[in-house]
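# Reading the structure
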Amino acid sequence: MSDHNSFIRSDLAQLAAYKPHPGGESEVIVDRLDTNESPLDLPVEIKSKLTWTYQQEIEANRYPNGSHYELKQAIAEYIQESACLADNLTTDHISVGNGSDELIRSLLIATCLGGEGSILVAVPTFSMYGILATTLGIPVVTIDRKEADFSLNLKAAQEAIDNTNNPPIRVVFVVHPNSPTGNTLKAEELDWLRSLPENILVVIDEAYFEFSQTSVVAELAQRNNWIVLRTFSKAFRLAAHRVGYAIANPDLITVLEKVRLPYNLPSFSQAAAKIALQQRQLLLPLVAKTIKERERVWSILTENNQLRVWQSQANFLYLRPRNTTADNREHVLADITKNLKAGGTLIRHTGSGLRITIGTPEENDRTLQRLEKIVELNL
Ligand SMILES: *Cc1c(COP(=O)(O)O)cnc(C)c1O
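First, a word on scope: everything that follows refers to the structure included in this document. (Residues numbered from 1 in each chain as written. Predicted model: local features only at pLDDT ≥ 70, side-chain atom pairs only at ≥ 80, totals over all residues. Heavy atoms only, no water.)

## Thoughts on the overall build of the protein chain
Along the protein chain, the regular secondary structure elements total 13 helices and 13 strands. Its C-alpha radius of gyration of 21 Å places the protein chain within 12% of the 21 Å reference for a compact globule of 379 residues. Taken along its principal axes, the extent of the C-alpha atoms in the protein chain is 55 × 55 × 55 Å. For the protein chain, the proportion of its 379 residues judged to be buried stands at 51%. Here the contacts in the protein chain between residues at least 6 apart in sequence split such that 70% fall between residues at least 24 apart. Per element, the accessible surface of the protein chain, about 18000 Å² overall, is 51% carbon and sulfur. Across the protein chain, 38 positive and 45 negative side-chain charges occur, with their mean positions spaced 2 Å apart. (Helix = DSSP H or I, 4+ residues; strand = E, 2+ residues; numbered from the N terminus. Rg over C-alpha atoms; globule rule 2.2 N^0.38 Å. Buried < 20%, exposed > 50% of the residue type's maximum accessible area, 1.4 Å probe, protein only. Contact = heavy atoms within 4.5 Å. Areas by Shrake-Rupley, 256 points an atom, 1.4 Å probe, with all protein chains shown as cover. Lys, Arg positive; Asp, Glu negative; His and termini not counted. Charge placed at Lys NZ, Arg CZ, Asp CG, Glu CD.)

## Some words on the site of the ligand
Neighbouring the ligand are the residues Gly 99, Ser 100, Asp 101, Phe 126, Val 175, Asp 205, Ala 207, Tyr 208, Thr 231, Ser 233, Lys 234 and Arg 242. Asp 205 is positioned such that a nitrogen or oxygen atom in its side chain is 2.7 Å from a nitrogen atom of the ligand. Between the ligand and Ser 233 there is a distance of 2.7 Å, counted from an oxygen atom to a side-chain nitrogen or oxygen. Considering the ligand on its own, with 390 Å² of exposed area, one finds that the protein chains cover 93% of that surface. Per element, the largest residue contribution to the shell around the ligand is 3 residues, and it comes from helix 3 (residues 99-111). By residue class, the composition of the shell around the ligand is 4 nonpolar, 4 polar and 4 charged. (Near = heavy atom within 4 Å. Polar contact = N/O pair within 3.5 Å; in protein donor to acceptor, adjacent residues only side chain to side chain. Nonpolar A, V, L, I, M, F, W, Y, C, P; charged D, E, K, R; others polar.)

## A word on the pattern of salt bridges
Enumeration according to the criterion identifies 20 salt bridges in this entry. For Arg 280, the salt bridge identified is with Glu 81, shortest N-O distance 2.8 Å. Remark: Glu 81 occurs in helix 2 (residues 69-83) and Arg 280 occurs in helix 10 (residues 280-283); sequence separation between them is 199 residues. Taking relative accessible area as the criterion, Glu 81 reaches 52% and is therefore assigned exposed. (Salt bridge = Lys/Arg side-chain N within 4 Å of Asp/Glu carboxyl O.)

Structure (structure tokens):
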């Protein structure tokens, strides 16, 4: 960093910003399979309702509702319905963020800031935990996963907890199912998370819950040190509106509410999320179609013996070329990604593999054709 910015923290100079589309935007891209969004925009009925809401109900000159009460109520009903909870879930168990990214940052501020704690992540995983922690000067302890199924290396995880002292690990982040690898938490992993002491917060990010239909929400009543994160950016097709939520015990929720900005969620985004929940019978049927497509794409990709493709419980697939060495792998992956981009498909090169979002059947077919050709030439 140059001298005229000498007021900037020195550790931030080393940090690279998160790049949504590495390499920049391009005009030839037709198939955007790199950010796990829904391939379809909102249905016109919902867009019209939202337009009407903007015209009739939203006062643009007024700050948004800072309590998010109605939205939280709608979220509580949705969770209650999808998890068949015995105990009543109330708005006190929910905090809403400007995307779940904001909630991740609030959690880091509330737990580890000021030298109070480190975080533990198992890679490959969602990169924002590490990026946000680093921007706050919070140390990130990294362990690996087993290559067979990408479950956590539990021995390494326990050693990290036992041996990290300065500062100790205060938060463990897991994704259920994981991004970019698509695997859900297994019984042994859940048991290990249950074994963690109460002074370690367990964050279970269920961004892909609607695709996996597996959740730990029913267990939250017994686990005061667990918190679940969800988002409207994936199955609910609202990535443009930036709405995420957290579910946890009311005391922890109170802390998150203290940490967030007072008007963190624009009125239009609150309205969009409420309407999406009301109209979910119009939105969520696409989830089943995406899963069917995922299985179709998976079977086609597994026929290519140059590629190793893992099973996924989310709306994306993860793969690695089989015959690469540690030395040339990143180079090969970068080449495939670049050539796919030149052909019109964006995918994500991450965690020593390739993550491909499931799109519409047409997008998937075009991408499969491009990938076949590139793999033939490159591997
Ligand atoms: C997409 C995604 C999110 C969603 O983030 P938003 O800020 O709500 O858009 C969170 N966690 C994981 C693991 C994701 O893949």
